[in-house]
Amino acid sequence: MSIWWSLQLRREAASVPLARRLLIGTMETAGVDPDISYDLSVALSEACANAVEHGGDTAPGASQAYQVTAYLDGERCRIEVADSGPGLPRAQDFRPARPDAEHGRGLWLIQELADHVHVGAKPGRSGTVVSFDKILKWTKDPSLLTA
């Protein structure tokens, strides 16, 4: 089974639960194990929250949106969150915060919940892309197959 969707969302806090609910609904309908769905939805929430907080330019005319794309393909789910902010420091300078830090734990949490994580610059433009994936487990009775 293959499902994918892509959203362009405003950099507002209200967009985070919207993306999370869409992901959970898609995974539930496809028959993904609820524990896997929960892990990926928390990771998505962290990536979206980072895009909302850090992912935009305040200059007039700058994009105030970010994009979320999710792919459920075969045994894997891949999620990408792309923003148009100033980007991250050089990859070799970037270190996620410690788990006990007050701020900056989002990328650490994503790394703990996903199988593979990549954080990098948008090709050819400013901005950051956080992509992560996880091997899926399935329930015995996926809703999509019994409908």
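The structure under discussion appears in the preceding block.
So, how was this worked out
- Residues numbered from 1 in each chain as written.
- Predicted model: local features only at pLDDT ≥ 70, side-chain atom pairs only at ≥ 80, totals over all residues.
- Heavy atoms only, no water.
- Helix = DSSP H or I, 4+ residues; strand = E, 2+ residues; numbered from the N terminus.
- Buried < 20%, exposed > 50% of the residue type's maximum accessible area, 1.4 Å probe, protein only.
- Contact = heavy atoms within 4.5 Å.
- Areas by Shrake-Rupley, 256 points an atom, 1.4 Å probe, with all protein chains shown as cover.
- Core = buried A, V, L, I, M, F, W, Y, C linked by side-chain atoms within 4.5 Å.
- Axes fitted to C-alpha atoms, helices over the stretch in contact; angles between N-to-C directions.
- Parallel < 35°, antiparallel > 145°, perpendicular 65-115°, else oblique.
- Left-handed = near helix turned anticlockwise from the far one by under 90°.
- Pairing = 2+ DSSP bridges.

1. Notes on the overall build of the protein chain
And then number 1: Helices and strands together make up the secondary structure of the protein chain, namely 4 helices and 5 strands.
And then number 2: When the helices and strands of the protein chain are read in sequence order from the N terminus, they spell out β-α-α-β-β-α-β-β-α.
And then number 3: Taking all 147 residues of the protein chain together, the buried fraction comes to 39%.
And then number 4: A fraction of 67% describes how many contacts in the protein chain between residues 6 or more apart in sequence connect residues 24 or more apart.
And then number 5: A total accessible area of about 8,600 Å² is found for the protein chain, and carbon and sulfur atoms account for 53% of it.

2. Considering the nonpolar core
And then number 1: Core analysis: the biggest nonpolar cluster contains 31 residues, and Leu40, Leu44, Tyr66, Ile79, Val81 and Phe132 have the highest contact counts within it.
And then number 2: Secondary-structure elements contributing two or more residues to this core are strand 1 (2–10), helix 1 (15–30), helix 2 (34–54), strand 2 (65–73), strand 3 (76–82), helix 3 (106–113) and strand 5 (128–135).
And then number 3: Of all the elements, helix 2 adds the most residues to this core, at 9 residues.

3. Brief notes about the packing of helix 1 against helix 2
And then number 1: Between helix 1 and helix 2, whose axes approach to 9 Å, the crossing angle comes to 155°. Judged by the inter-axis angle, helix 1 sits roughly antiparallel to helix 2. For the element pair helix 1 and helix 2, the recorded crossing hand is right-handed. Contacts between helix 1 and helix 2 involve Ser15, Val16, Ala19, Arg20, Leu23, Ile24 and Met27 from the former and Ser37, Tyr38, Leu40, Ser41, Val42, Leu44, Ser45, Cys48, Ala49 and Val52 from the latter.

4. A few points about the packing of helix 2 against helix 3
And then number 1: The geometry of helix 2 relative to helix 3 is characterised by a closest axis approach of 9 Å and an angle of 155° between their N-to-C directions. Here helix 2 lies roughly antiparallel to helix 3, going by the angle between them. Of the two elements, helix 2 crosses helix 3, and the hand of that crossing is left-handed. Residues Asp39, Val42, Ala43, Glu46, Ala47 and Asn50 of helix 2 pack against Gly106, Leu107, Leu109, Ile110 and Leu113 of helix 3.

5. Let's talk about the pairing of strand 3
And then number 1: Strand direction decides the pairing type here: strand 2 and strand 3, joined by 7 bridges, are antiparallel. Within the sheet, the bridge partner assigned to Leu72 lies in strand 3 and is Cys77.
And then number 2: Between the end of strand 2 and the start of strand 3, which pair antiparallel, lie 2 residues, with Gly74 showing a positive phi angle near 65°.
And then number 3: The pairing of strand 3 with strand 5 spans 7 bridges and is classified as antiparallel. Bridging from a neighbouring strand, Ile79 pairs with Phe132 of strand 5.

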